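Given next are the chains, with one letter for each unit.
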Amino acid sequence: MTNSITLFKQFVPLLDEVYKEASKTAVLDGRPELVQAGANANELVIPKMTMDGLADYSRNGGYVGGGMSLTNETVTCNFDRGRMFVVDHMDNADTAGVAFGMLAGEFIRTKVVPELDAFRFATYAGAAGIGSGSGTLNDGAAVVAALRAAINAMDADEVPMEDRVLFITSSLLGMVEDLDTTKSREVLCRFSDVVAVPQTRFYTAIHQNSGTVVTTGSGENVSTSDETGGGYVKGTGGKDINFMVIHRGAVIQFSKHIAPKVVTPEQNPDADAWKFGYRQVGVADVYENKAAGIYVHHKA
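Residues numbered from 1 in each chain as written. Predicted model: local features only at pLDDT ≥ 70, side-chain atom pairs only at ≥ 80, totals over all residues. Heavy atoms only, no water.

Glancing now at helix H4 (residues 140–156). For H4, which comprises 17 residues, the first-to-last C-alpha distance of 24 Å matches the rise-based estimate of 24 Å (1.5 Å per residue) to within 8%. By the burial criterion, the buried members of H4 are Gly 140, Val 143, Val 144, Ala 146, Leu 147, Ala 150, Ile 151 and Met 154. The arc that holds the buried residues of H4, viewed along the axis, is 165 degrees, so those residues lie on one side. Packing partners of the buried residues in H4 comprise strand S6 (164–169), helix H5 (170–177), helix H6 (182–185), strand S12 (241–247) and strand S15 (294–298). (Helix = DSSP H or I, 4+ residues; strand = E, 2+ residues; numbered from the N terminus. Expected span 1.5 Å × (residues − 1). Buried < 20%, exposed > 50% of the residue type's maximum accessible area, 1.4 Å probe, protein only. Arc of directions from axis to C-beta. Contact = heavy atoms within 4.5 Å.)

On the surface, Met 51, Met 68 and Leu 70 cluster together into a nonpolar patch covering about 350 Å² of accessible area. Here Met 51 falls in the exposed class, since its relative accessible area comes to 57%. (Patch = residues over 30% accessible without salt bridge, like charges linked within 9 Å, V, L, I, M, F, W, Y side chains within 5 Å. Areas by Shrake-Rupley, 256 points an atom, 1.4 Å probe, with all protein chains shown as cover. Salt bridge = Lys/Arg side-chain N within 4 Å of Asp/Glu carboxyl O.)

The subject of this paragraph is unusual backbone geometry. Residue Glu 158 is not a glycine yet carries a positive backbone phi of 60 degrees. For Glu 158, the location among the structural elements is in the loop between H4 and S6. Its relative accessible area of 69% is what places Glu 158 among the exposed residues. With a phi close to 70 degrees, Asp 163 is a non-glycine residue in the positive phi region. When you line up the elements, Asp 163 lands in the loop between H4 and S6.

Looking at the secondary structure, you find Ala 291 in the loop between strand S14 (273–286) and S15. With sequence-adjacent residues up to four places away left out, Ala 291 is seen in contact with Ala 128, Gly 129, Ile 130, Gly 131 and Val 286.

A word on the sheet that holds strand S13 (residues 251–263). Judged by pairing direction, the sheet is antiparallel, and its three strands sit side by side in the order S4-S14-S13 without closing on themselves. Looking at strand neighbours, the two that pair on one side only are strand S4 (79–88) and S13, the edges of this open sheet. Here the average twist between neighbouring strands, direction ignored, is 10 degrees. One ladder, built from 12 bridges, connects S13 with S14; its direction is antiparallel. Bridge pairing in S14 links Ile 258 to Gln 280. (Pairing = 2+ DSSP bridges. Axes fitted to C-alpha atoms, helices over the stretch in contact; angles between N-to-C directions.)

Before going further, it helps to examine H5. For H5, the full list of buried residues reads Leu 172, Leu 173, Gly 174 and Val 176. Tucked inside the fold, the buried residues of H5 contact H4, S6, H6, strand S7 (193–197) and S12.

This paragraph deals with the pattern of salt bridges. Tallying each qualifying case throughout the model produces 11 salt bridges. For Asp 80, the salt bridge identified is with Arg 279, shortest N-O distance 2.8 Å. Pair noted here: Asp 80 is in strand S4 and Arg 279 is in strand S14, with a separation of 199 residues, a long-range link. Owing to a relative accessible area of 46%, Asp 80 belongs among the partly exposed residues under this scheme.

Below, the structure is given as structure tokens:
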């Protein structure tokens, strides 16, 4: 039993590597040392600084005193999802441990990370006050023109050029890369990182399935929806995103609690089976005074 727990503890860092490798939004993760736990379990406390601007300097009186304040902003975690899997002890033994051993990594890579990315993109795309554009981009020239418009909008709002990250679908990125002239592709150099995102993670709105059969309405208007498969789908009214430009300092993105856990057959009181559980709690939000640091372009 002890050996099983020890092996799993050694496996936990590998699960984090799976997330870092597969996630498209990991580049936006905030500095964990700046975050504190809130008074409630679903809260995080983020530092926020304000200060006075320049004032006239007097050769007689010298400087005019200024003020600054460092306050803490409490944000509520808006992502709290999990699953528990059961693998029969004999099924695992018959596959030399592959059934349980591959479960954790594959679950995070194919289920957790895509949903987390989709949730973050949809949350940022729905924030108030961000820049936006829409339309169908049929060729590389159209993509470049749309990117230029996004850059110009951010420049006009004085968003720092450093740390602007471009998230773009692979097809549109390919259109730009396939342009005949290097000059046409120079627009990509205006971003600190360029990240290709699968369209299946790139919507302005998503619906996260509950993992149960959902009943709505009453009387003759009762309807049921089978959401037992979990995961997410494109939300009602959601649009396909072509690209997003996000300044790293504009978003509040932290994972407060990531809890992979294992229950061995010896510890399982209900069945002779391994159990693998995974839960992640975090926040994806936008600083209200930095909304200009996000620009989304979606299909019409």
